[in-house]
Amino acid sequence: MKEARFTIKELEKLFTLWILTVYHVRPHNAKSMNKFSPNEMWNKGFDGDENNKGIGFPRMITNTEIFNTDLLPSISRTIRHGGVVINHNKYFSPILNHFVNRKEKYSGGKLSNRNQRHDFKINLADISHVHFKNPITKKYERIENTDLKILKSKPSLYEFNQSKKKKENSPEKVKHNYAVTLKGKSNLKKEASTLSARKAKEIKKEQLEKTKLDFQEDSPPKIQPEIADEVQINITPFKTKRN
């Protein structure tokens, strides 16, 4: 099992062949199937038998491309300058420029402050492009990935995520992240040291101002010169006794 390796596309191909050549032609044991294969039950449903009337063939699909696109999963995004970002991938086409930063409308037709969101169809098996449902023409527009490597290789979303994860865990990336972390810690240490010195300086300044204020409050009040001139000092002359 450790040596078994398949890509997603190879597995899908093998699984499809198994359904067509084995599953659909093999009799089923379920009571409702009556030992018939899925192919035989399908034909009975259309053609009918002695117990059931057939429903006939349904209306045929004329445009298989639109039908297949309709079945793809949807995701909504606001359109900005440069395109849209879906699953960490950027997609752009000049068609999107007409819908950049469009505002939503209330029922009365008044514009809101919120940007309008548009539907995109994504193919998880091929992320080289997405499909944009043009609200004016009501048709799908192909919007391609801006990464030329992805546009050429056409990977699935799973393959893209695995490749991204592998790059993030590579020795070069780990070494780079470690260097960035060390640089960040060094910058934080310098910033903390600067803040500590600044805080210590502010505290010292506050203490000096407080000490100066306390000294001024404890010192005796000084007599103003104009007040001192008006102060009368009574001096009793010293008398000496004569013999």
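Structure's up top.
Residues numbered from 1 in each chain as written. Predicted model: local features only at pLDDT ≥ 70, side-chain atom pairs only at ≥ 80, totals over all residues. Heavy atoms only, no water.

Q: Even after reading the chapter, I still don't get the environment of Asn39, so can you show me in this structure?
A: Mapped onto the fold, Asn39 is located in helix H2 (residues 38-47). According to the relative accessible area criterion, Asn39 is partly exposed, its value standing at 34%. Sequence-wise, Asn39 and His24 are 15 residues apart; in three dimensions their C-alpha atoms are separated by 5.4 Å. (Helix = DSSP H or I, 4+ residues; strand = E, 2+ residues; numbered from the N terminus. Buried < 20%, exposed > 50% of the residue type's maximum accessible area, 1.4 Å probe, protein only.)

Q: Explain the packing of aromatic side chains here, please?
A: By convention here, two paired aromatic rings are described through the distance between centres and the angle between planes. All told, the structure shown has five aromatic pairs when counted by the stated rule. Look at Trp42 and Phe46: their rings are 4.8 Å apart centre to centre, the planes differ by 85 degrees, and that puts the pair in the edge-to-face class. Residue Trp42 and its partner Phe46 are both found in helix H2; the two are separated by four residues, about one turn of the helix. The exposure class assigned to Trp42 is exposed, which follows from its relative accessible area of 57%. Residue Phe46 is classed as buried on the basis of its relative accessible area, which comes to 12%. With a centroid separation of 5.4 Å and an interplanar angle of 65 degrees, the aromatic rings of Phe99 and Phe132 are classed as edge-to-face. Of this pair, Phe99 sits in the loop between strand S3 (89-92) and strand S4 (103-105) while Phe132 sits in strand S7 (residues 129-133), and the two are 33 residues apart along the sequence. Its relative accessible area of 2% is what places Phe99 among the buried residues. Through a chain of ring-to-ring contacts, three or more aromatic side chains come together here, namely Phe15, Trp18 and Tyr23. One residue, Lys44, lies across the ring of Phe36, its end atom 4.6 Å from the ring centre. (Phe/Tyr/Trp six-rings, centres within 6.5 Å; stacked < 30°, edge-to-face > 60°. Lys NZ or Arg CZ within 6 Å of the ring centre and 35° of its normal.)

Q: Just checking my understanding: could you explain unusual backbone geometry for this structure?
A: It is generally the case that most residues other than glycine have a negative phi and that most peptide bonds are trans. For His88, which is not glycine, the phi dihedral falls at a positive 65 degrees. Mapping His88 onto the fold places it in the loop between strand S2 (84-86) and S3. In the Ramachandran plot, Lys138 falls in the positive-phi region, its phi being about 60 degrees despite a non-glycine side chain. Note on placement: Lys138 falls in the loop between S7 and strand S8 (140-145).

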